[in-house]
Amino acid sequence: MAKHTIVLIPGDGIGPEVSSATRRVVEAAGLSVEWCELPAGQAALDQGHDNVLPQRTLAAIQAHKVALKGPVTTPVGKGFKSVNVQLRKSLNLYAAVRPVRSLEGVKTRFSNVNIVIIRENTEGLYSGIENEVVPGVVTSLKVATEVACTRIARFAFRYATRRHHKKITVFHKANIMKMTDGLFLNSARKIHEEEYPNIDYDEVIIDAGCMKIVQDPTRLDILLMENLYGDLVSDLCAGLVGGLGVVPGSNIGDDAAVFEAVHGSAPDIAGKNVANPLALIMSAVMMLEHLHEDAVAKKIQTAYDAVLAEGKTLTRDLGGSAGTNEFADAIIARMK
Ligand code: NAD
């Protein structure tokens, strides 16, 4: 097995706890790995860096091409640009992929959810272009480019084809934002018609789409949408399958990929050994698949599926009383 060098960003809040648990699980599964541990977020400022995303951290991801990242806190109102937005823009990580699936042993209203959210990661309202027109009047610019809309649409159809998904639904608000969401829709429609007519395709106005999600999410397959909608719908869908503790994610570009959970740094539970590390462990599984380490990925997935199904060692968010480390230990024990 080739040795992988992976950049590990522990992050802030619960980040160091869940990333250390994940690191132990990945190593116990037998991956030959050298971790290149570097800071971002509040941790970077605490270590004396003058930016929440130090140049060294960015350069390491550019060099090694793969990073596993814990959640970070962006200090509010201090003039720092969000680490996540900086990372996604500087590395051109244009596609966020967030699989949301029901897990045996995690009781929720619906039991057969298997949705993948594909979110455009680089523009929309997250372009951060805001202006004060006159005192008391501010604007935020929503950006859509044909290049980025076409790129994310092609990514989604290619993902659907490779992973044997049948249908892509675009969530939009083109009835109001006729130009920006209109361009997003037209680009997706064009890729469907010209390149992937074999994949079913549908367009739904996002407000009605959200109602559909909570009424019966089992009918949905891949959901494709622009940046802000994807952010919101990811958390909504997380709520369907057990919460933020069980939804992984990846940010993919042509030259690098950063794997991270959907959840944030959860300051309310940080340092208490109660955070669920599963979302980051699942993100690590996505990372292993990306590295073509399918056997190691499967080993970890089979182990956590078994721990969840058994239901004895669950973290607090899933109704149990196990700590972060205890849960990771249970997964490791299953792999032996
Ligand atoms: P959050 O996701 O951190 O927390 C929301 C709720 O979910 C909290 O009650 C928290 O305790 C719970 N939760 C989250 N992850 C959990 C886990 N693994 N196990 C158990 N419970 C969990 O969202 P927030 O409170 O809105 O944000 C806190 C900070 O995180 C903010 O500074 C925000 O900017 C940052 N954030 C970072 C990322 C990222 O780095 N990818 C993503 C979202 C938010």
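The shown structure was predicted, so the numbers you read here are calculated from the model rather than taken from an experiment.

So, the overall build of the protein
Helix and strand content of the protein: 11 helices and 12 strands. The C-alpha atoms of the protein give a radius of gyration of 20 Å, which matches the 20 Å a tight globule of 336 residues would have. The dimensions of the protein, computed from C-alpha atoms along their principal axes, are 55 × 45 × 40 Å. By residue count, 54% of the 336 residues in the protein fall in the buried class. Of the contacts formed within the protein by residues at least 6 apart in sequence, a portion of 74% connects residues at least 24 apart. Counting only carbon and sulfur atoms, one obtains 51% of the accessible surface of the protein, whose full area is about 15,100 Å². Taken as two groups, the 36 positive and 38 negative side-chain charges of the protein have centres that lie 3 Å from each other.

Here we look at the site of the ligand
Around the ligand there are 19 residues in total, and Val72, Gly264, Ser265, Ala266 and Asn276 lie nearest to it. A distance of 2.7 Å separates an oxygen atom of the ligand from a polar atom in the backbone of Ala266. Here a nitrogen atom of the ligand and a backbone polar atom of Asn276 are 2.9 Å apart. For the ligand, whose unbound accessible area comes to 820 Å², protein coverage reaches 65%. Tallied by class, the residues present in the shell around the ligand amount to 9 nonpolar, 6 polar and 4 charged.

Some thoughts on the sheet that holds strand S3 (residues 66–69)
Pairing in this open sheet of 10 strands is mixed, and the strands run S2-S1-S3-S12-S11-S4-S5-S10-S8-S9 from one edge to the other. The open sheet terminates on both sides in strands that have one partner only, identified here as strand S2 (33–37) and strand S9 (200–205). On average, each strand axis in the sheet is inclined to that of its neighbour by 25°, with strand direction left out of account. Of the pairings in the sheet, the one linking strand S1 (residues 4–9) to S3 comprises 3 bridges and is parallel in character. Opposite Ile9, over in S3, you have Lys69 as the bridge partner. Docked against the sheet, helix H5 (residues 146–162) engages strand S4 (95–101), strand S5 (114–120), strand S8 (167–172), S9, strand S10 (222–225) and strand S11 (250–252), running at close to 155° with respect to S5. Running at roughly 110° to S9, helix H7 (residues 206–215) makes contact with S8, S9 and S10 of the sheet.

About the thresholds
- Residues numbered from 1 in each chain as written.
- Predicted model: local features only at pLDDT ≥ 70, side-chain atom pairs only at ≥ 80, totals over all residues.
- Heavy atoms only, no water.
- Helix = DSSP H or I, 4+ residues; strand = E, 2+ residues; numbered from the N terminus.
- Rg over C-alpha atoms; globule rule 2.2 N^0.38 Å.
- Buried < 20%, exposed > 50% of the residue type's maximum accessible area, 1.4 Å probe, protein only.
- Contact = heavy atoms within 4.5 Å.
- Areas by Shrake-Rupley, 256 points an atom, 1.4 Å probe, with all protein chains shown as cover.
- Lys, Arg positive; Asp, Glu negative; His and termini not counted.
- Charge placed at Lys NZ, Arg CZ, Asp CG, Glu CD.
- Near = heavy atom within 4 Å.
- Polar contact = N/O pair within 3.5 Å; in protein donor to acceptor, adjacent residues only side chain to side chain.
- Nonpolar A, V, L, I, M, F, W, Y, C, P; charged D, E, K, R; others polar.
- Pairing = 2+ DSSP bridges.
- Axes fitted to C-alpha atoms, helices over the stretch in contact; angles between N-to-C directions.

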